[in-house]
Amino acid sequence: MSNHDIFEITTETPLVLIGSMARNLKPVVMAKLEYMNPACSHYYRAASALIRDAEDRRLIHPGMTLVDWTYGNSGIALAMAGVSRGYKLLLVAPDKISREKQDVLRALGAEMVITPSDALPGEPRSCVKVAQSLVRNISNAFFANMYENPLSRDVHASSTGGEILRQTDGRVSHVFVPMISGAMISGIGRFLKAEKPSVKIIGVEPEGSVYRSLFTNDAAFSPSVYELEEIGAPEPSRFWEPSVIDDIVQVSDEDAFNCGRELLKAEAVFAGGASGAVMAAALRSASACGAEDCVVAVLNDFGGYYLSKMFLDSWMKQKGFYRKAKTAIEQITAEDILQLKARKDLIFASPESTLAEVFEMMKQNDVSQLPIVSYGTPIGSISENRILSILIENDDAMNSKVVGFMEQPFPVCRPDATISELSGKLQQSASGLLISLSDGRLQLLTKSDLIDALTHK
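A brief look at the structure comes next. Computed from a prediction, not measured in an experiment: that's the story for all the values here. (Residues numbered from 1 in each chain as written. Predicted model: local features only at pLDDT ≥ 70, side-chain atom pairs only at ≥ 80, totals over all residues. Heavy atoms only, no water.)

1. Remarks on the overall build of the protein
Point 1. Secondary structure assignment for the protein yields 15 helices and 15 strands.
Point 2. For 457 residues, the compact-globule formula gives about 23 Å, and the C-alpha radius of gyration of the protein, at 28 Å, lies well above that figure.
Point 3. For the protein, the C-alpha atoms occupy an extent of roughly 105 × 45 × 45 Å along the three principal directions.
Point 4. Buried positions account for 51% of the 457 residues belonging to the protein.
Point 5. Of the roughly 20,900 Å² that the protein leaves accessible, carbon and sulfur atoms contribute 51%.
Point 6. Here the protein carries 45 positive and 56 negative side-chain charges, and the mean point of each set is 4 Å from the other. (Helix = DSSP H or I, 4+ residues; strand = E, 2+ residues; numbered from the N terminus. Rg over C-alpha atoms; globule rule 2.2 N^0.38 Å. Buried < 20%, exposed > 50% of the residue type's maximum accessible area, 1.4 Å probe, protein only. Areas by Shrake-Rupley, 256 points an atom, 1.4 Å probe, with all protein chains shown as cover. Lys, Arg positive; Asp, Glu negative; His and termini not counted. Charge placed at Lys NZ, Arg CZ, Asp CG, Glu CD.)

2. Let's talk about unusual backbone geometry
The phi torsion of most residues other than glycine is negative, and most of the peptide bonds are trans.
Point 1. Here the phi dihedral of Arg58 falls at roughly 55°; this positive angle occurs in a residue that is not glycine.
Point 2. Here Arg58 is to be found in the loop between α1 (44-56) and β3 (65-69).
Point 3. Look at Arg58 and you get exposed, because its relative accessible area is 77%.
Point 4. Even without being a glycine, Tyr375 presents a positive backbone phi close to 50°.
Point 5. Along the chain, the position of Tyr375 falls in the loop between β11 (369-374) and β12 (377-383).
Point 6. Look at Tyr375 and you get exposed, because its relative accessible area is 85%.

3. Comments concerning the packing of helix α5 (residues 150-167) against helix α6 (residues 183-195)
Point 1. Contact geometry for α5 and α6: axes closest at 7 Å, N-to-C directions at 50°. Considered as vectors, α5 and α6 are oriented oblique to each other. α5 and α6 meet at a crossing whose hand is right-handed. Only Ala183, Met184, Ser186, Gly187, Ile188, Arg190, Phe191, Leu192 and Glu195 of α6 make contact with α5, whose side of the interface consists of Ser152, Arg153, His156, Ala157, Thr160, Gly161, Gly162, Ile164 and Leu165.
Point 2. Looking at the contact of α5 with α6 residue by residue, the classes come out as eight nonpolar, seven polar and three charged. (Axes fitted to C-alpha atoms, helices over the stretch in contact; angles between N-to-C directions. Parallel < 35°, antiparallel > 145°, perpendicular 65-115°, else oblique. Left-handed = near helix turned anticlockwise from the far one by under 90°. Contact = heavy atoms within 4.5 Å. Nonpolar A, V, L, I, M, F, W, Y, C, P; charged D, E, K, R; others polar.)

4. Quick look at the sheet that holds strand β4 (residues 88-94)
Point 1. Sheet architecture is open: four strands sit in the order β5-β4-β3-β6, paired in parallel fashion. Strand pairing shows two members of the sheet lacking a second neighbour, β5 (111-115) and β6 (141-143), which therefore form its edges. Put simply, the sheet's adjacent strands are angled 20° from each other on average, direction ignored.
Point 2. Sheet topology note: the β4/β5 ladder contains five bridges and is parallel. Of the residues in β5, the one forming a bridge with Ala93 is Ile114.
Point 3. On top of the sheet, helix α2 (residues 73-83) reaches β3 and β4; it is set at about 175° to β4, its chief contact. (Pairing = 2+ DSSP bridges.)

5. Some thoughts on the packing of aromatic side chains
Geometrically, a pair of aromatic rings is defined through the distance of the ring centres and the angle of the planes.
Point 1. For the coordinates displayed, the defined rule picks out twelve aromatic pairs.
Point 2. Ring centres of Phe257 and Trp315 lie 5.5 Å apart, and the angle between their planes is 85°; this geometry places the pair in the edge-to-face category. Of the two residues, Phe257 is situated in helix α8 (residues 253-267) and Trp315 in helix α10 (residues 313-319); the sequence distance between them amounts to 58 residues. The exposure classification of Phe257 matches that of Trp315, with both residues buried.
Point 3. In textbook terms, an aromatic cluster arises when at least three aromatic residues are bridged by ring pairs, as seen for Tyr35, Phe270, Phe302, Tyr305 and Phe311.
Point 4. For the cation-ring pair, Lys317 lies above Tyr322, with the distance from its terminal atom to the ring centre recorded as 4.8 Å. (Phe/Tyr/Trp six-rings, centres within 6.5 Å; stacked < 30°, edge-to-face > 60°. Lys NZ or Arg CZ within 6 Å of the ring centre and 35° of its normal.)

6. A word on the side chain of Asp449
Point 1. Relative to the assigned elements, Asp449 resides in helix α15 (residues 447-455).
Point 2. At 2.9 Å, the side chain of Asp449 forms a polar contact with the backbone nitrogen of Thr446.
Point 3. For Asp449, the contacting residues outside a window of four places in its chain are Ile337, Lys341 and Leu444. (Polar contact = N/O pair within 3.5 Å; in protein donor to acceptor, adjacent residues only side chain to side chain.)

7. Looking at the sheet that holds strand β1 (residues 15-17)
Point 1. Overall, mixed pairing links the six strands, which are arranged β1-β2-β10-β7-β8-β9 in an open sheet. Whereas interior strands pair on both sides, the edge strands pair on one side only; in this sheet they are β1 and β9 (247-251). In this sheet, adjacent strand axes meet at a mean angle of 25° when their direction is disregarded.
Point 2. Pairing of strand β7 (residues 174-178) with strand β10 (residues 294-299) involves three bridges; the strand directions are parallel. Bridge assignment links His174 to a residue of β10, and that residue is Val295.
Point 3. The strands touched by helix α9 (residues 273-286) within the sheet are β2 (28-33), β7, β8 (200-206), β9 and β10, with β10 carrying the most contacts at an inclination of about 165°.

8. Some points on the environment of Ala54
Point 1. One can find Ala54 in helix α1.
Point 2. Classification of Ala54 by relative accessible area gives buried; the value is 2%.
Point 3. Counting along the chain gives 270 residues from Ala54 to Lys324, while the straight-line C-alpha distance between them is 49 Å.
Point 4. Those residues in contact with Ala54 that lie beyond four places of it in its chain are Leu59, Ile60 and Phe142.

9. What to know about the pattern of salt bridges
Point 1. Inspection of the entire model under this criterion finds 23 salt bridges.
Point 2. Taking the shortest distance from any N to any O, the salt bridge between Glu229 and Lys101 comes out at 2.6 Å. One end of the pair, Glu229, is in the loop between α7 (211-216) and β9; the other, Lys101, is in helix α3 (residues 99-107), with 128 residues separating them in the sequence. The burial state of Glu229 is the same as that of Lys101; both residues are buried.
Point 3. The partner of Arg323 in a salt bridge is Asp255, with the nearest N and O atoms 2.3 Å apart. Note that Arg323 is positioned in the loop between α10 and α11 (334-340) and Asp255 in helix α8, a separation of 68 residues in sequence. (Salt bridge = Lys/Arg side-chain N within 4 Å of Asp/Glu carboxyl O.)

What follows is the structure, given as structure tokens:
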């Protein structure tokens, strides 16, 4: 009976393996489910600590009104911690936050002031300015300022970073973190860089957010509006700490929402749009990582808060973000098909080989066609039928170079090409097609390979 206070629950948030979505990637890809706690967000770690710290310093006492601005999740965590201790909550939020988050905040008894999402930093109608104005004009009020409070960073340095290191048995090589105020990435980065300097810390934000431009010294950048919530910022906070960050990548609204939807269907991970952005960035970057790497994506928001938005087809279509989910068959890729085959080096002819030599290669390897490759590039092909027709016309041709009798080269596809794409290519080239692997090698696929994959799906 050690957890008498819901905000004293200290169980680690789960770190789960991403299987289906990362099946064609070499490194291990894992998701740190920071939203799996009583407040359904990573702010759970900070909310109670913030209130208790203010109480210890005699800045607040029950009966006062806690004021803050929020994208929703920080407000929910603050309200859960504050209302249960006898505080009133007055929160300022942009009009783009989901209906579900507004409903939860009102259910908690918090009062809300909604401001326009397109308000620029510093404008009187912006969330921050409105919240600051309310604190000045309301008696017995305290500005919680969760996004700028050092405790928001410190809890991630003391807990989240250590959990990631322990849960990966020290294998973690890359950590992708959503950037809002920068508190989470600074806390995680500080801890992991001290414990394992080789770890790469990568921030993730929406297109239109400010941090990438600061990181690259892009003076021409100006912030723009994006649909994503719980990620990104129009201006940097006091936690902007580029010394612990190795890179910052941006993800579009469309890619983030669709990746979040796929997380639920493919991995049973019910996360929101910000988490979708982080996972999309992690998967995209993991394609360049090796088998020895361990990539961790920190997922910070709960999908249940977006049922009226990213998980609603009509909203996705209205915004132009909708993508039809792939069927089980459509998800089969060239890489999946190659994994069913016994991997071996591609058998091919060089342009200088004679027809006799090529035919002997076919007999020895029990194949009926061969690609012709020059310096790693497919330039043509040759089949038994072609050789037979040549000999019927000229039986002395067997000593001639194959380059003079080549047929069209096999189509070349990437490992992530779907079975539908591969089938379409094979309809145009009945013999086969080549898959170009990341290490430069080529592998042959035939119609028989596709049929075998479909019967083993």
